[in-house]
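This is what each chain is made of:
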Amino acid sequence: LEYMNVFGEKDFSLLKIVPQRPNTSNLSEIDYLGEWFKFKSIDKNIEATEEFNRLLSKKMKFEEAWNSVSQLVYEATNSHCYYMIISNFISKVKESSNEDIKNILSHLLILFACTQFLDNNWGGYFNKDDLKVIDTKVKEILPFIRQNSVALVDAFGIPDGILRSTIGK
């Protein structure tokens, strides 16, 4: 949770930590993608905390205030979990000493992040043009992943008979 220490910084503002708008270049940078997940987690946690504190200041009982912000707490928790997933993914990609594996994992990370942006309620963070750029990045990266899909599935070591798939044939 160390990343949340920004709350205590003097003159903290979300505007100071918002990542720049996505483009086809920075969407290829795994650290940039991680910054978006971190930003969303911080933003959602601030939103839940501020609403909870606002309700308490209106003399609402703790339990009632907690129940009132349960959806916001869920969103904050969900955002934190996705940030942990992407953060660990980035860490493992960087640890890889094999450049071919690092390249494939980087592409999978980019695909994962971009599909989350498109499919997981990021509309409040990205505008229509941003989402078009992200969609273009997904379409750009899919052919590379497709050519490695059999090897990626085989890496799990699950026999074709169990998969009951024609992918390996």
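Parameters and conventions
Residues numbered from 1 in each chain as written. Predicted model: local features only at pLDDT ≥ 70, side-chain atom pairs only at ≥ 80, totals over all residues. Heavy atoms only, no water. Helix = DSSP H or I, 4+ residues; strand = E, 2+ residues; numbered from the N terminus. Buried < 20%, exposed > 50% of the residue type's maximum accessible area, 1.4 Å probe, protein only. Contact = heavy atoms within 4.5 Å. Core = buried A, V, L, I, M, F, W, Y, C linked by side-chain atoms within 4.5 Å.

So, unusual backbone geometry
- The backbone of Asp 11 shows a phi angle near 60 degrees, a positive value even though the residue is not glycine.
- You can see Asp 11 is positioned in the segment before helix H1 (14-17).
- Residues other than glycine seldom take positive phi values, yet Asn 121 does so here, at roughly 60 degrees.
- Relative to the helices and strands, Asn 121 is located in the loop between helix H5 (99-119) and helix H6 (128-147).

Side note on the side chain of Ser 106
- With respect to the secondary-structure elements, Ser 106 resides in helix H5.
- By relative accessible area, Ser 106 is classed as buried at 17%.
- Contact partners of Ser 106, with chain neighbours within four places excluded, come to Ile 30 and Val 93.

Topic: the nonpolar core
- If you look at the biggest cluster of nonpolar residues, it comprises 29 residues, and the most contacted ones within it are Leu 33, Trp 36 and Phe 117.
- Secondary-structure elements contributing two or more residues to this core are helix H2 (30-57), helix H4 (70-95), H5 and H6.
- Here the element with the most residues in this core is H2; it accounts for 8 residues.
- Setting aside chain neighbours within four positions, we find Phe 117 in contact with Leu 27, Leu 33, Trp 36, Phe 37, Trp 122, Phe 126, Leu 131 and Ile 134.
- By size, the runner-up hydrophobic cluster in this structure holds 7 residues, among which are Phe 52, Leu 55, Ala 65 and Ala 76.

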